[in-house]
Amino acid sequence: MANMLDQVIQAVAHHGHVVILGRSGFEVLGGFADVIHVRLQAPFPVRVGRVMEQQGLSFEEAETAVKKSDKTRVAFVEEFYKVPWDSIHAFDVVLNTGKISPDLAANWLVDIAKVPVSSFEIDKPTTDSIVVDRILAETVSEVLNCDHTHR
């Protein structure tokens, strides 16, 4: 399952001009020079408050939901990718949305994404070097409602 997920993430990255949210994309695409790895985080109480507001839950329900989500994410990353959840070494940008509003963080990230990645990591390949199965590439284009790869 993890291997197929890696292939899908790489196929989407190869397509170009995409944002991949979660699914350990930071680890799967860690070796590519033209990928910007972002981690958005917030303190536990802030996340609980957001879940309460967004989902209309009580404090106890929201706290349980956030704990369950955290446990699932930690287990996935640590089990399949052998990376400690709290490690930030793999990220180019880390933003605390407990201090910076999510809207401001989103605006900053949009601005970052508009600038071509210039990398001093000349020893790393770019996502255009990823070899993608033809059927998977066609499926990605179909799902993205786009008939060509962006470069």
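All residue numbers here refer to positions counted from 1 along the written sequence of the relevant chain. Local features in this predicted model are restricted to residues whose pLDDT is 70 or higher, and side-chain atom pairs enter the listing and the counts only when it is 80 or higher, whereas totals over whole chains, interfaces and linings include all residues. By convention in this description, side-chain values take in all heavy atoms of the structure and omit both hydrogens and water.

**Details of the packing of aromatic side chains**
Paired rings are identified among Phe, Tyr and Trp, the last through its six-membered ring, by centres lying within 6.5 Å, and are further divided according to the angle between planes into stacked (under 30 degrees), edge-to-face (over 60) and tilted (the rest). Inspection of the entire model under this criterion finds 3 aromatic pairs. With 4.8 Å between their ring centres and 35° between their planes, Phe26 and Phe91 make a pair best called tilted. In this pair, Phe26 sits in helix H2 (residues 25-28) while Phe91 sits in the loop between helix H4 (59-81) and strand S2 (93-96), placing the two residues 65 residues apart along the sequence. Burial classification: accessible surface area is computed with a 1.4 Å probe over protein chains only, and a residue below 20% of its type maximum counts as buried, one above 50% as exposed, and the rest as partly exposed. For Phe26, a relative accessible area of 15% translates into the label buried. Sitting over a ring, as applied to charges here, requires NZ of Lys or CZ of Arg to be within 6 Å of the ring centre and within 35 degrees of the ring normal. Stacked on the ring of Trp85, the Lys or Arg Arg39 has its end atom at 4.8 Å from the ring centre. The way it works is that DSSP assigns letters per residue, a run of H or I at least four long becomes a helix, a run of E at least two long becomes a strand, and they are numbered from the N terminus.

**Brief notes about the side chain of His37**
The topology assignment puts His37 in the loop between H2 and strand S1 (38-41). Polar contacts involving the side chain of His37 include one to the main-chain carbonyl oxygen of Leu29, which spans 3.3 Å. The contact rule is simple, with two residues in contact once any of their heavy atoms fall within 4.5 Å. Sequence-distant contacts of His37, defined by excluding residues within four places in its chain, comprise Gly25, Phe26, Leu29, Gly30, Ala90, Phe91, Asp92 and Val93. Any N or O atom pair separated by 3.5 Å or less is treated as a polar contact, with the protein-specific requirement of one donor-capable and one acceptor-capable atom, and with residues adjacent in sequence counted only for side-chain atom pairs.

**Here we look at the confidence of the model for the chain**
Mean pLDDT for the chain: 90, with 97% of residues reaching 70 or above. Of all the helices and strands in the chain, helix H6 (residues 134-143) carries the lowest mean pLDDT, 91, while helix H3 (residues 44-55) carries the highest, 97. pLDDT expresses how confident the predictor is about each individual residue, on a scale running from 0 to 100.

**Observations regarding unusual backbone geometry**
A positive phi is found at His17, a non-glycine position, where the angle reads about 50°. Locating His17 in the fold gives a position in the loop between helix H1 (2-15) and H2. In this structure His17 comes out as exposed when scored by relative accessible area, which is 69%. Despite not being glycine, Asn145 has its phi angle at roughly 55°, a positive value. With respect to the helices and strands, Asn145 occurs in the segment after H6. You can call Asn145 exposed: its relative accessible area is 72%.

**Digging into the pattern of salt bridges**
Throughout this description, the term salt bridge denotes a Lys or Arg side-chain nitrogen within 4 Å of a carboxyl oxygen of Asp or Glu. Counted under the stated rule, the structure contains 2 salt bridges. The closest approach of N and O atoms between Arg47 and Asp70, which form a salt bridge, is 2.7 Å. With Arg47 in helix H3 and Asp70 in helix H4, this residue pair connects regions lying 23 residues apart in the sequence. In this structure Arg47 comes out as partly exposed when scored by relative accessible area, which is 26%. One salt bridge in this structure joins Arg134 and Glu138, with 3.0 Å as the shortest N-O distance. A residue pair is termed a helical-turn pair when its members lie 3 or 4 positions apart in one helix, as Arg134 and Glu138 do in helix H6 at 4 residues.

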